[in-house]
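Observations on the three-dimensional arrangement
Chain by chain, the residues:
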Amino acid sequence: MGIQGLMSFVGDNGNFFHDLPMKNTKIIIDGNNLYHKLYFDSGLDLLHGGDYDAFTDILNKFFESLSKCHIQAYVVLDGGCDMSDKKIETQKQRFREKIKAVESLWNGRGGSVLPLLVRDVYIQVLRKLQVPFVQCFSEADREIVALANLWNCPVLTFDSDFCIFDVKAGYCPQNSFQWKNIVTSGNEECYIPARSFSVQRFCKFFNNLNISLLPLFAVLTGNDYISLPALETFFSNVHLPVGNSGHSGRKHTRIRGLLNWLSRFESVEEAMDIVMKHLRLKDRDSVRQLLYSAMEEYNLQDIENLEQYFQTGKYVSPTAAELNLPDWVQHALARGELSPFLSDALVLRRVFLHVQVEDLKRPSAHFITQPIRKVIYAMLFHIYQNSQQGPEGKKPNQLFVVEFDRLETTLRKSTVEIHFANGDFPDDLSLQKLPELPSVKCLNLLLRALHLRMDDLASVPPEYQLIVAIVHYWIRHADPKVKQHHLKALLMGIVYGETYNILNKPELQGDGIKLVCEQVRRIKMEGAQQRRQNWEDLHILCQWQCCLQMVMHFNQFLSTPLPEPDITRLYSGSLVYYLTQKIKSSPTTEDLFKPCPPLEKLYQDCIGAVMSIIPQDCVQSTKSAANKSRKRAKTRKKVTGPKASTMEYPLQCDVSNRFAGLLLED
């Protein structure tokens, strides 16, 4: 996010930087920025649901490079959405931009949208590598700067907001951090070539601009918190001394002119008074208040000291304390054991559902988990209300959560109505007492939401129980209906994830596992050559990812009554998609694991476990699915006009659904 145009403006001027051989130091990493940058810059799959195994390998190599140069990384992640609602319009605009990027990918023009589970994979990798990390309660920029200044170490990110903060040891943009090109000096010490932005150099270049004026520059230029049409009156009336602008565009010209203009003033108050004089009288008070409020986002006072968390594991968020959230909730959020989705739902009663590359003519893939989300919301509010001391102990019997999702290519806002029924949850259960709830009761709550009993999973090894339960839910609720080739491809992809463990155990290696890996390599190569996409298959697999993510979040909230699966190797979106296509054209693809008996047995066990708990008619055979597809194609040829899309993509919904009131944002 940040200030539009500033990053490229700064990058065009080498005077603001100095070379920094990175070694023997701590470094504070903007966690969200890192996983976005690493995924997009690595040429990984964006169209078929994400290559999480390849992303895991890249993360391992990145942190290995840091370790070689004796760089101790501390990763700081954003948490939930801003509590003040100051960024809600920016968040909605970013969401619309993601939908447009998905539409671009859908039409074969390319684009950049992260696959659904990248963040979850990222956190699991950080845990495995024992990289210290913290997930803040909301946006983490100020906490990052405060910690870097306390430890006098650099910050690694690619966010233009860090050009406004005074980072004492410098801010290293990720595009200049050459972690793949480690240099070994004469004394055999390694370092990573990097460049460091200096805010002092930046201000000196603009006539010794007072550094305290940079937050005003940020909000006048337009950051994530403010974009006021009224300010255009100021820019149209004031004469900005541009200086030598070279061949820069309009945005860069304005940035340069505004910085030169601000360098005339000694204080924020003096500059603010002049800005106000250029506005209409009726706008002045409100604009002044909004500008000062937005500038607070660069104020480092009263910021949570993350040093205490990294030293003792204790995290106290002033915002969370004001909301009376128990310590265990704050600590679980900080450790990444609870998703920001949960805190957004609980505190803001508003969530954004991540956009995926799916069939845009169909309802959002997130519809499949709406029943699970409704259970999560109801439980959140039930136990939170039991934690509060309301007037005369009365509780509302109706609550709402606003969900932002996609409807075709527009932003859709829907209101989910939450009702409480007697017996849904233990009456005396509160947010404080949730960790004390016996594991068996937590398990019952989880399985009840998935319409399963523990007996259904009795024959499944513990590490696969949650996966089998999620597959069961996916098969029962997917629309379009899951076919045999989808199920087989998914389970084959899950089983193939075990090859990583086998390859790391010499006693299990042999020609069989090598043959399997070679076969998979060929399938990927053949699949990558395909140009036409089967959007029905992609949509069904997107629904699988939605199920996996939401059930994992619920399982975490209940203190993991079922072991959390290792999703770093569990699912490769492109492989499962290519397997889906391969199985349809060549049924012998299912023999992939026969050269390796342990994998073949695991695959057959997984198939048996899933088929034993679902009704026989739940999974359609590939052959009958093809016949129905041909019949639908013939029907579509006869249908013309606006009714065609309705007949082709019927909405599968329960007419008694009490939370389907949809409001279009666009």
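Residues numbered from 1 in each chain as written. Predicted model: local features only at pLDDT ≥ 70, side-chain atom pairs only at ≥ 80, totals over all residues. Heavy atoms only, no water.

1. What about the overall build of the protein?
For clarity, the cut-off: For helices the rule is a DSSP run of H or I covering at least 4 residues; for strands it is a run of E covering at least 2, with both sets numbered from the N terminus onward. Any two residues whose heavy atoms approach within 4.5 Å at even a single point are treated as in contact. Areas reported here follow the Shrake-Rupley algorithm with a probe of radius 1.4 Å; residue values treat only the protein chains shown as occluding.
Counting its secondary structure elements, the protein contains 27 helices and twelve strands. Summarising the internal contacts of the protein: among those between residues at least 6 apart in sequence, 76% fall at separations of at least 24. Working note: accessible area of the protein is about 30,000 Å², and carbon and sulfur atoms make up 49% of it.

2. Topic: the environment of Glu 103
Rules: Under the scheme applied here, a residue whose accessible area is under 20% of the maximum for its type counts as buried, over 50% as exposed, and between as partly exposed, the area being computed with a 1.4 Å probe on protein chains only.
Its place among the elements puts Glu 103 in helix H4 (residues 88-106). On the basis of relative accessible area, Glu 103 is assigned to the partly exposed category, the value being 21%. Between the C-alpha atom of Glu 103 and that of Glu 358, which follows or precedes it by 255 residues, the distance is 9.1 Å. Contact partners of Glu 103, with chain neighbours within four places excluded, come to Arg 109, Leu 360 and Thr 409.

3. Observations regarding the confidence of the model for the protein
Stated formally: Each residue carries a pLDDT score, the predictor's confidence in it, ranging from 0 to 100.
Averaged over all residues, the pLDDT of the protein is 87; the fraction at 70 or higher stands at 88%. Predicted confidence is poor over residues 635-666, with pLDDT under 50, and the contacts of this stretch with residues over four places away or in other chains come to 38 contacts.

4. Thoughts on unusual backbone geometry
Following Asp 479, the chain continues to Pro 480 via a peptide bond in cis, the omega torsion being 10 degrees. At Asn 24, a residue that is not glycine, the phi angle is positive and equals roughly 50 degrees. With respect to the helices and strands, the residue Asn 24 is situated in the loop between strand S1 (17-22) and strand S2 (25-30). Notably, Ser 559 is not glycine yet its phi reads approximately 65 degrees, a positive angle. Tracing the backbone shows Ser 559 in the loop between helix H23 (535-557) and helix H24 (573-585).

5. Observations regarding helix H19 (residues 462-477)
Formally: Multiplying 1.5 Å by the residue count of a helix minus one yields the expected span of that helix.
Its 16 residues place the ends of H19 24 Å apart at the C-alpha level, agreeing with the 22 Å of an ideal helix rising 1.5 Å per residue. The buried fraction of H19 is high, at twelve of 16 residues. Among the residues making up H19, those that are buried are Tyr 464, Gln 465, Leu 466, Ile 467, Val 468, Ala 469, Ile 470, Val 471, His 472, Tyr 473, Trp 474 and Ile 475. Among the structural elements, helix H17 (370-385), helix H18 (439-449), helix H20 (484-496), H23 and helix H25 (597-611) are those in contact with the buried residues of H19.

6. Thoughts on the packing of aromatic side chains
Put simply, the test is: Aromatic rings from Phe, Tyr and Trp, with only the six-membered ring used for Trp, were paired whenever their centres fell within 6.5 Å, and each pair was classed as stacked if the ring planes differed by under 30 degrees, edge-to-face if by over 60, and tilted otherwise. Definition used: whenever NZ (Lys) or CZ (Arg) falls within 6 Å of the ring centre and also within 35 degrees of the ring normal, the charge is taken to sit over that ring.
In this structure the tally under the stated criterion is 34 aromatic pairs. Members of the aromatic cluster, connected to one another through ring pairs, are Phe 9, Phe 16, Phe 17, Phe 162, Phe 165, Tyr 171, Phe 197, Phe 202, Phe 205, Phe 206 and Tyr 298. The ring centre of Trp 151 lies 4.0 Å from the NZ or CZ of Lys 26, which sits over that ring. Positioned over the ring face of Phe 17 is Arg 195, at 4.4 Å from the centre of the ring.

7. A closer look at the pattern of salt bridges
Rules: A side-chain nitrogen of Lys or Arg and a carboxyl oxygen of Asp or Glu constitute a salt bridge if their distance falls within 4 Å.
Under the criterion given, the structure shown has 26 salt bridges. Salt-bridge contacts for Glu 189 lead to Lys 23; the nearest nitrogen and oxygen are separated by 3.0 Å. Here Lys 23 lies in the loop between S1 and S2 and Glu 189 lies in the loop between strand S7 (183-184) and strand S8 (190-197), a separation of 166 residues in the sequence. Between Glu 89 and Lys 92 there is a salt bridge; the shortest N-O distance is 3.3 Å.

8. What about helix H12 (residues 281-295)?
How we decide: Here the bend at each residue means the angle between axes fitted to two seven-residue stretches, the one ending at that residue and the one beginning there.
For H12, built from 15 residues, the straight-helix expectation of 21 Å at 1.5 Å per residue is met to within 8% by its first-to-last C-alpha distance of 22 Å. The principal kink in H12, of about 25 degrees, is found at Val 287. Asp 283, Val 287, Leu 291, Ala 294 and Met 295 are the residues of H12 that are buried. Elements that come into contact with the buried residues of H12 comprise helix H8 (214-221), helix H9 (231-237) and helix H11 (268-277).

9. Concerning the packing of helix H3 (residues 52-68) against helix H5 (residues 118-129)
The criterion, for reference: Here an angle of 0 to 180 degrees is reported between the N-to-C directions of two axes, which are lines fitted to C-alpha atoms, with helices fitted over the stretch in contact. Angles below 35 degrees are treated as roughly parallel, those above 145 as roughly antiparallel, those between 65 and 115 as roughly perpendicular, and all remaining angles as oblique. Crossing handedness: left-handed means the near helix sits turned counterclockwise from the far one by under a right angle, and right-handed means the same turn made clockwise. Here the nonpolar group is Ala, Val, Leu, Ile, Met, Phe, Trp, Tyr, Cys and Pro; Asp, Glu, Lys and Arg are the charged ones; every other residue, Gly included, is treated as polar.
Their axes nearest at 10 Å, the elements H3 and H5 cross at an angle of 40 degrees. Taken together, the axes of H3 and H5 lie oblique to each other. Viewed along their axes, H3 and H5 form a crossing whose handedness is right-handed. Residues Tyr 52, Phe 55, Thr 56, Leu 59, Asn 60 and Phe 63 of H3 form the contact with H5, whose participating residues are Val 118, Val 121, Tyr 122, Val 125, Leu 126 and Leu 129. Split into classes, the residues belonging to the contact of H3 with H5 amount to ten nonpolar, two polar and no charged.

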